[in-house]
Amino acid sequence: MPRQRDDDQFTAALRAKLQSSRADSGLTFPELAEALEVDSVDLLRDYFNGKKDLPVSLLYRYGRLVGRPAWWFFGEQPATISIE
């Protein structure tokens, strides 16, 4: 069962980062849904709450919208990327 626990921890951490970055951006779910061209606010909420799997392409677009690189949502900067 350790793998399931790791997956659950990863999902919880990703959801927390999604929520904090949305709060920091000041954007509402309706504003985000429109900017990201998501069909409904409820679908976007399902992604953020972990009820549906978030497509990587949407995560990438979301990151650009809120000023976060995609790797930020996964917890650490890749070793091959330098921020200076």
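This text gives an overview of the structure that appears in the document.

Each value, and the rule that gives it
The numbers attached to residues start from 1 for each chain and follow its sequence in the written order. Local features in this predicted model are restricted to residues whose pLDDT is 70 or higher, and side-chain atom pairs enter the listing and the counts only when it is 80 or higher, whereas totals over whole chains, interfaces and linings include all residues. Working from all heavy atoms in the structure, the side-chain values ignore hydrogens and water. Among buried residues, the Ala, Val, Leu, Ile, Met, Phe, Trp, Tyr and Cys ones that are joined through side-chain atoms within 4.5 Å form a nonpolar core. Type-normalised accessible area, obtained with a 1.4 Å probe on protein chains alone, sets the label of each residue: buried when under 20%, exposed when over 50%, and partly exposed for intermediate values. Numbering goes from the N terminus for both helices and strands, where a helix is a DSSP run of H or I of at least four residues and a strand is a run of E of at least two. Contact definition: two residues touch when any of their heavy atoms are within 4.5 Å. Between rings of Phe, Tyr and Trp, where Trp is taken as its six-membered ring, a pair exists when centres lie within 6.5 Å; planes separated by under 30 degrees are stacked, by over 60 edge-to-face, and by other angles tilted.

Let us now look at the nonpolar core. One finds L18, L36, L44, F48, Y62 and F73 to be the most contacted residues of the largest nonpolar core, which totals 15 residues. Contributing elements (two or more residues each) for this core: α1 (2-25), α2 (29-36), α3 (41-48) and α4 (56-66). Apart from the residues lying within four places of it in its own chain, the contact partners of F73 are L14, K17, L18, S21, L59, Y62, G63, V66 and R68.

Moving on to the environment of S57. Within the fold, S57 resides in helix α4. It is 9.8 Å that separates the C-alpha atoms of S57 and A70, two residues lying 13 residues apart in sequence.

Attention now moves to the packing of aromatic side chains. Summed over the entire model, instances satisfying the criterion amount to five aromatic pairs. Geometrically, the ring pair formed by F10 and F74 is stacked, given 5.8 Å between the ring centres and 10 degrees between the ring planes. Remark: F74 occurs in the segment after α4 and F10 occurs in helix α1; sequence separation between them is 64 residues. Consider the rings of F29 and F48, whose centres lie 5.2 Å apart with planes at 85 degrees: the pair is edge-to-face. Of this pair, F29 sits in helix α2 while F48 sits in helix α3; the two residues are 19 residues apart in sequence, bridging distant segments of the chain.

With respect to the element layout, L65 can be found in helix α4. Judged by its relative accessible area of 38%, L65 is partly exposed. Spatially, the C-alpha atom of L65 lies 8.7 Å from that of L32, the residues being 33 residues apart in sequence. If near-sequence neighbours (up to four positions away) are discounted, L65 is found in contact with L27, L32, A35 and L36.

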